[in-house]
Every structure is written in C-alpha cells, then in structure tokens.
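One letter stands for each residue in the lines below.
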Amino acid sequence: MKMNKVNELIEEIKFSGTVLVKRNDQVIQQFSNGYANRSYEALNNEQTHFGIASGCKIFTAVAICQLVGKGQLSFDTKLSDVLDITFPHFEPDITIHHLLTHTAGIPDYFDEEVMDDFEELWVKHPMYLMRSGSDFLPLFQNEPMKLGVGERFHYNNAGYILLGLVVQEITSMRFDEYVAEFIFKVAGMEHSGYFAMDAFPNNTALGYIDNEDGSWRSNIYSVPAKGGADGGAFITVEDMYRFWKALFDFTLLSEQMTKQLLTPYMHTDDDYDRFYGYGVWIDILDSNITKYHVMGYDPGVSFHSAYYPESNEITVVCSNKSEGAFNVFKAIETM
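What this report covers is the structure whose coordinates are included nearby. (Residues numbered from 1 in each chain as written. Predicted model: local features only at pLDDT ≥ 70, side-chain atom pairs only at ≥ 80, totals over all residues. Heavy atoms only, no water.)

1. Quick word on the overall build of the protein
Here is the rule we go by: For helices the rule is a DSSP run of H or I covering at least 4 residues; for strands it is a run of E covering at least 2, with both sets numbered from the N terminus onward. We compute the radius of gyration from the C-alpha atoms alone; for a globule the expected value is 2.2 Å times N to the 0.38, where N is the number of residues. Relative accessibility thresholds used throughout: buried, under 20% of the residue-type maximum; exposed, over 50%; partly exposed, between the two (1.4 Å probe, protein chains only). Residues are treated as being in contact if the distance between any of their heavy atoms lies within 4.5 Å.
In terms of helices and strands, the protein carries 9 helices and 14 strands. Radius of gyration (C-alpha) of the protein: 19 Å, near the 20 Å computed for a compact globule of 335 residues. Each principal axis of the C-alpha distribution contributes one length, and for the protein these read about 55 × 45 × 40 Å. Burial statistics for the protein: of 335 residues in total, 56% are counted as buried. When contacts within the protein are restricted to residue pairs at least 6 apart in sequence, long-range pairs at least 24 apart make up 65% of them.

And the structure:
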C-alpha cells in the first residue's frame, strides 16, 4: 500500500530519474522513470549518469580530509597560507575548517539568501567559459566580506571553489583528476565523473527545465560547462551507494578522519535539529544521529541521498528535472 502511494506521487509530479534503496546490501527499491533524452525518447535506467549539483560537495570534503590525513594540510591552515591568490577584502584568519563548514563569511558567487535565479549569473560571465575553479574567481574574488569569520553558518558555493583550488595547489593535479583517482577509483565508482556539458558519455541524462506553459528546454545554457568542487559531478545511483559504503567502511578515510568529516559542527536550521559537518548534512533526534545526507539543485537537476545509521539503509534519488527528487525521497523515507 505504501509503495502504491510512492507510485502515485511519481505519476502526479511526472518524476524523471532513478531511485535506489538498499538495506544491509539488499535492494529494497529500485526503479526509473521518464526520459534521459526527451528528443530521442531515451529512457532513464539503472545505469544512467545523473548530475547531482551540490550533492558532490562531500567529495570535495573527503579530498581535503585525505590531504589532512597525509599531513599535507590541516583544518587550521589559513587560506592565505596555501593559495597565492589575492582576495583584497577577505579577512586573513579564514581557515580550511571555516570553508568546509560554510562559516568563512566570504561573499558567494551565488548567494542563496538573496538570489533565486541561477541562470542570471551567466549574463556577464558566459556559462560556456566556466570549466575550472579559477574561472569562478572573478565572480567573488574582489567582493567585500558578507559576515565575520565564524559568525554563523552561511551556505557558500565559493568556499568550496576555494577548497578545490587548495586541492589543486597541494597535489599539482586538476581537481577532477584528483577526485577520479583517489575517491571514485578507490570507492569503485566506475561510472562517475565531472563531465563537460558538451562532451557527455553514453547514457547521460540531460537536465530539463519545464516551463509553466507546458514547454520545456534542456539546461545546457543554464549551468557551468563543467562542474567542479562546489557541484556538478555526475554519478549513477549504484556509484553513489558505493560511495556511502566506502565512506562508512573507512576505505576512503581513516576511522578518525571519517569521524571528523561526520562531526555535526554547525546548527543550520532553527526548525530542525539539522547540522552540517564537512560537506554533509546531519540530522539529530533525541541526541542520536538519524541521518547523514547530501542534496543538490541546479536548473534541470535535483538530487537527494542519505545514509541511515540505525537501519544501515542507503537511499539515492536522482532526477534530471529541477524538482522532484525531494518529494520522492521524503515519500520513500516515510515508508
């Protein structure tokens, strides 16, 4: 009966994407709906690559934690001590920890507290030129601080752009190459990557934006040409499951470093006992952690994924529409 309600919701909202739910490595739910490519009527399937927008900030956090674990960096390292880039208005005591927890107080290139149209960014800075972290610097590098360092949680994409540049500076590798080698490969995520919008591999879902009049368009002119440290990776649902497994099996990080990644540092929501660790949201009920989760939204992309420690359950919901993943994710969660 409960699954019937999920099916009804999928039809009601015209969900487009793929869902995977596993408990103790056993598949509980797995299904796909809608088109990966509407023009060719190519269906979404279990192996389809989906963009996950900001859902991949946790990959950036893991990369930083790996470098800290190797002694090449510390969470107290100051940004000014590792990047030889001029930020004329940034306060000098911004640390890696501040950037990871969205408490650096720096300006964001897309400030979700005051902006709601992501596409407006590309009027002055064409999206087809946005292919690396350094390409984003002109959008925030010379702006004044928004808050004092450590003043409060302020979700910030620019901070994760800087973390990606830190990874590049320390490793002398492109950020996407580092993640591919030391996260995706290690976790067995064979079908994941930071794909350029003009060079998709086979079976990659185009993102779609539905207009109020019933027409639609793809998101190829709405998001950066290639994702990076703040968002824009592509995964399959099985690969995301493998990531959670590798994280909690201590394959990607030591047990001690994993605990640091998953520590609830910042309270983020007055209406919920929701916290933020390093690149991951953490829900707490009666002093117990009930859920570690990540999410991502771009034009033509919606994504939610979670690990539930009490039940050892992992849920992955990928959608190639601007909305829908959250609704399906919550409906499955209530089951």
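This is not the end of the story, as more comes after the structure.
2. As for the pairing of strand 13 (residues 301-308)
The test is simple: DSSP bridges decide pairing: two strands pair if at least two such bridges lie between them.
Strand 13 sits mainly inside the fold: 8 of its 8 residues count as buried. Neither face of strand 13 is exposed, since V301, F303, S305 and Y307 on one face and S302, H304, A306 and Y308 on the opposite face are all buried. Sheet analysis places strand 12 (residues 288-298) next to strand 13, joined by 7 bridges and oriented antiparallel. Residue pairing across strands places G296 opposite F303, the latter belonging to strand 13.

3. Observations concerning the side chain of T315
You can see T315 is positioned in strand 14 (residues 313-319). Given a relative accessible area of 1%, T315 falls into the buried group. Not counting chain neighbours up to four residues away, the residues in contact with T315 comprise L20, V21, H304, S305, A306, Y308 and F329.

4. Examining the pattern of salt bridges
What counts, and what does not: Any carboxyl oxygen of Asp or Glu that lies within 4 Å of a side-chain nitrogen of Lys or Arg is treated as forming a salt bridge with it.
Evaluated as defined, the whole model comprises 17 salt bridges. Ionic pairing is found between E238 and K22, a salt bridge with its closest N-O pair at 3.3 Å. Of this pair, E238 sits in helix 7 (residues 237-248) while K22 sits in strand 1 (residues 17-23), placing them 216 residues apart in sequence. Judged by relative accessible area, which is 23%, E238 ranks as partly exposed. With relative accessibility at 11%, the residue K22 sits in the buried group. Between D283 and K291 there is a salt bridge, and its shortest N-O distance comes to 3.7 Å. Each member of the pair, D283 together with K291, is buried.

5. Considerations on unusual backbone geometry
The phi angle at D25 is positive, at roughly 70°, despite the residue not being glycine. Within the secondary structure, D25 sits in the loop between strand 1 and strand 2 (26-33).

6. Some details on the sheet that holds strand 14
Applied cut-off: Axes here mean lines fitted to C-alpha atoms, for a helix over just the part in contact, with angles spanning 0 to 180 degrees between N-to-C directions.
One open sheet holds the 8 strands; their spatial order is 2-1-14-13-12-11-10-9, and the pairing between them is antiparallel. Edge positions in the sheet fall to strand 2 and strand 9 (266-269), since each of these pairs with one other strand and no more. Neighbour to neighbour, the strand axes of the sheet diverge by 20° on average, direction disregarded.

7. Side note on the packing of aromatic side chains
Let me state the cut-off plainly: Aromatic contacts are taken between Phe, Tyr and Trp rings whose centres are within 6.5 Å, Trp giving its six-membered ring; a plane angle under 30 degrees counts as stacked, one over 60 as edge-to-face, and the others as tilted. In this scheme, the term charge over a ring applies when either NZ of a lysine or CZ of an arginine sits within 6 Å of the ring centre and within 35 degrees of the ring normal.
Scanning the model with the defined rule gives 20 aromatic pairs in all. Aromatic side chains F59 and F243 sit 5.0 Å apart centroid to centroid with 70° between the ring planes, which places their arrangement in the edge-to-face category. Here F59 is found in helix 2 (residues 57-69), whereas its partner F243 is found in helix 7, with 184 residues between them in sequence. Accessibility assignment for this pair places F59 and F243 in one class, buried. Here a set of aromatic residues connected by ring pairs shows up, and it is made of F59, F175, F184, Y194, F243, W244, F248, Y292 and Y307. Just above the ring of W216 sits the side chain of R38; from NZ or CZ to the centre is 5.3 Å. If you follow K57 out to its NZ or CZ, it ends over the ring of Y160, 5.8 Å from the centre.

8. Looking at the nonpolar core
Note the threshold: We call a set of buried residues a nonpolar core when its members are Ala, Val, Leu, Ile, Met, Phe, Trp, Tyr or Cys and they connect through side-chain atoms within 4.5 Å of each other.
Counting 85 residues, the largest nonpolar core has F59, I64, F140, L162, F243, W244 and L247 as its most contacted members. Apart from the residues within four sequence positions on either side, F243 is in contact with I58, F59, V62, I183, A187, M189 and L252. By size, the runner-up hydrophobic cluster in this structure holds 15 residues, among which are V6, V21, Y308 and I332.

9. Points about the packing of helix 2 against helix 7
To keep it simple, the criterion reads: Helix crossings are classified by the rotation of the near helix relative to the far one: an anticlockwise turn of less than a right angle makes the crossing left-handed, while a clockwise turn makes it right-handed.
Two elements in contact, helix 2 and helix 7, have axes whose closest approach is 12 Å; the angle formed by their N-to-C orientations is 30°. Crossing handedness for the pair helix 2 and helix 7: left-handed. Counting all contacts with helix 2, which are made through I58, F59 and V62, the residues of helix 7 involved are M240, F243, W244 and L247.

10. A few points about the pairing of strand 1
Along strand 1, 6 of the 7 residues are buried, which leaves the element largely enclosed by surrounding structure. As paired strands, strand 1 and strand 14 are joined by 7 bridges and run antiparallel to one another. Within the sheet, the bridge partner assigned to R23 lies in strand 14 and is E313. In the sheet, strand 1 pairs with strand 2 via 7 bridges, with the strands oriented antiparallel. By the bridge assignment, L20 is partnered in strand 2 with Q30. Between strand 1 and strand 2, which pair antiparallel and follow one another directly, the connecting turn spans 2 residues, one of which, N24, has a positive phi of 50°.

Take it as geometry only, folks, not as evidence of what the structure does.
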